[in-house]
Amino acid sequence: MNKSIIRINYLDGLRGVGALIVYIHHFVSAFLPGIYFQDWTLIHFTLERSLARSPLYFIFSGPMVVYVFFILSGIVLTKIAYEKISPDNLIYYLIKRYFRLSVPVMASILLAFVLLIGGYMFNSKAGIISESNNWLATFYNFVPDLGKALYQGSVGAIFWNQVTYNPLLWTVYYEFLGSVIVMSFVALLKNRRILKTIIAVGAVLMFPGSPITSFFIGMFIYEYKFILNKGISRVSKIAIACITYLLWDFSVNGFVTRTFSVKADISQYITDYQTILWIIVASGIIMLTIETRLIQRILNTKPIQFLGKISFSFYLIHLILICSVSSKIFLLVNNLLPSRYLVTTVITFVITTILTIVVSWIFARLVDEKGIKLSNKVFSLLSKGK
């Protein structure tokens, strides 16, 4: 029992670190676009160029981390399916999953709606000054409509990937779809491992660049590590670490790739090759995590565990805060210090980070936890009415 709890803890910690990286990626894209987009015409100060060329450039790569989230969900959903789901109660768990996601999704959309209708979205003005015209300035350039907001919160985002009020919800669409596929797959084929493996491998090979592939990989990792109790050698871990770093670097045209000029355009040969690379990298990160005690100890520390507990809320609302409060702070400080862009960015980042953590904690307590309780009540009622 304790071993199971430890596993959940360090995976939660990994989710928290991932949410932080996604937040940094979005902050950088908003106020230091030259770093992420590697466009030197957008550079505001010398240190910005140095960061863009540093070996740590990959920490600004938020898109890859999303696939870590998907694989982690595949692991957790597979665990739940093996322990609790059967063909008889499968539909109840899928309904429960919908309510688990829809409550915080709706709340984040209503938060964006209120800020937008109140005129508190300042991202367009901030985007012009930061020169993030192709990213930050593109959000919330529409007239708010309560009916559309409610529709997206209840149906549109989860079932149809309609995410204008919170662009980050594209992941929730795949989260729910992946939940349906993995939970159904395992529940219906739980005792037919060979057939299940053949079908899953076939699906991965047919759609290698689909986010859904990540959920199948999560299922494979759970079965390999936690059901078959397999492990990997120290040499294998070193090899996985090297390959993971190099592929991550290659996928974002990072330090090693630029240094040795090995960047190649393989898109004409492999469709969605960058997504495939991100999925492989995410798989490597998770394999290293579940096989390395040092990483687990770091992820089990209190600050990272706290981030893990609020990670879903942190993920859902951070872009909304960047487009509203963060952009306003940026504009105010920039007016006070028009020639001190580095100082302006640092002040904005510190205040935004603290504010996002605090608001995420409140959101987690008042919304996310309530959503979990509601989904459990719905499941309980459905099960009793059977």
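Remember, it's a predicted structure, so these values are computed and weren't measured experimentally.

*Asks:* If you had to explain the overall build of the protein to someone new, which residues and values would you point to?
*Replies:* A count of helices and strands for the protein gives 17 helices and 0 strands. What you see for the protein is a C-alpha radius of gyration of 21 Å, in line with the 21 Å of a compact globule of 386 residues. For the protein, with 386 residues in total, the buried portion stands at 51%. For the protein, the accessible area works out to roughly 18,300 Å², and carbon and sulfur atoms hold 68% of it. Computing the positive centroid from 34 side-chain charges and the negative centroid from 15, the protein places the two 10 Å apart.

*Asks:* Lay out the environment of Leu228 with the relevant residues and their values.
*Replies:* By the element assignment, Leu228 lies in the loop between helix H10 (212-227) and helix H11 (234-251). Classification of Leu228 as partly exposed rests on a relative accessible area of 44%. Residues Leu228 and Leu42, spaced 186 residues apart in sequence, show a C-alpha to C-alpha distance of 51 Å.

*Asks:* Please set out helix H7 (residues 146-160) residue by residue, giving values where relevant.
*Replies:* Spanning 15 residues, H7 covers only 18 Å between terminal C-alpha atoms, well under the ideal 21 Å at 1.5 Å per step. The sharpest bend along H7 comes to roughly 60°, located at Gln152. Every buried residue belonging to H7 is among Ala149, Gln152, Gly153, Gly156, Ala157 and Ile158, and all of these are buried. Packing partners of the buried residues in H7 comprise helix H5 (90-117) and helix H8 (170-188). The N-cap of H7, judged by a side-chain oxygen 2.9 Å from the amide nitrogen of Gly147 a few residues on, is Asp145. Asn161 sits one or two positions beyond H7 and adopts a positive phi of about 60°.

*Asks:* So what's going on with the confidence of the model for the protein? Which residues, and what values?
*Replies:* A residue-level look at the protein finds 92% of positions with pLDDT of 70 or above and a mean pLDDT of 90. Least confident of the elements in the protein is helix H12 (residues 255-260), whose mean pLDDT is 68; most confident is helix H16 (residues 311-336), at 98. Considering only residues more than four positions removed or in separate chains, one finds that residues 1-7, a stretch of pLDDT under 50, has 3 contacts.

*Asks:* Can you lay out unusual backbone geometry for me, pointing to particular residues and giving the numbers?
*Replies:* In this structure, Tyr140 is a non-glycine residue whose phi angle is positive, near 60°. Secondary-structure assignment places Tyr140 in the loop between helix H6 (123-130) and H7.

*Asks:* If you had to explain the packing of helix H4 (residues 62-84) against H8 to someone new, which residues and values would you point to?
*Replies:* Look at H4 against H8: their axes get within 9 Å of each other, and the N-to-C directions meet at 30°. As judged from the angle between their axes, H4 and H8 are roughly parallel. The element H4 and its partner H8 pack so that their crossing is right-handed. Contact with H4, carried on its side by Val66, Tyr67, Phe70, Ser73, Gly74, Leu77, Thr78, Ala81 and Tyr82, involves Trp170, Thr171, Tyr174, Glu175, Gly178, Ser179, Val182, Met183 and Val186 of H8 and no other residues of that element. Of the residues in the contact of H4 with H8, the class split is 11 nonpolar, 6 polar and 1 charged.

*Asks:* So, a nonpolar patch on the surface: which residues are in play, and what are the values?
*Replies:* On the surface, Leu47, Leu51, Phe306, Leu342, Val346, Val350, Ile354, Val358, Trp361, Ile362 and Leu366 cluster together to form a nonpolar patch covering roughly 930 Å² of accessible area. When contributions to the nonpolar patch are tallied by element, the ones reaching two or more residues are helix H3 (46-52) and helix H17 (341-384). In terms of residue count, H17 provides more of the nonpolar patch than any other element does, 8 residues in total. As for its placement among the helices and strands, Leu47 is situated in helix H3.

Conventions we followed
- Residues numbered from 1 in each chain as written.
- Predicted model: local features only at pLDDT ≥ 70, side-chain atom pairs only at ≥ 80, totals over all residues.
- Heavy atoms only, no water.
- Helix = DSSP H or I, 4+ residues; strand = E, 2+ residues; numbered from the N terminus.
- Rg over C-alpha atoms; globule rule 2.2 N^0.38 Å.
- Buried < 20%, exposed > 50% of the residue type's maximum accessible area, 1.4 Å probe, protein only.
- Areas by Shrake-Rupley, 256 points an atom, 1.4 Å probe, with all protein chains shown as cover.
- Lys, Arg positive; Asp, Glu negative; His and termini not counted.
- Charge placed at Lys NZ, Arg CZ, Asp CG, Glu CD.
- Expected span 1.5 Å × (residues − 1).
- Bend = angle between axes of the 7 residues up to and from the residue.
- Contact = heavy atoms within 4.5 Å.
- Polar contact = N/O pair within 3.5 Å; in protein donor to acceptor, adjacent residues only side chain to side chain.
- pLDDT = per-residue confidence, 0-100.
- Axes fitted to C-alpha atoms, helices over the stretch in contact; angles between N-to-C directions.
- Parallel < 35°, antiparallel > 145°, perpendicular 65-115°, else oblique.
- Left-handed = near helix turned anticlockwise from the far one by under 90°.
- Nonpolar A, V, L, I, M, F, W, Y, C, P; charged D, E, K, R; others polar.
- Patch = residues over 30% accessible without salt bridge, like charges linked within 9 Å, V, L, I, M, F, W, Y side chains within 5 Å.
- Salt bridge = Lys/Arg side-chain N within 4 Å of Asp/Glu carboxyl O.

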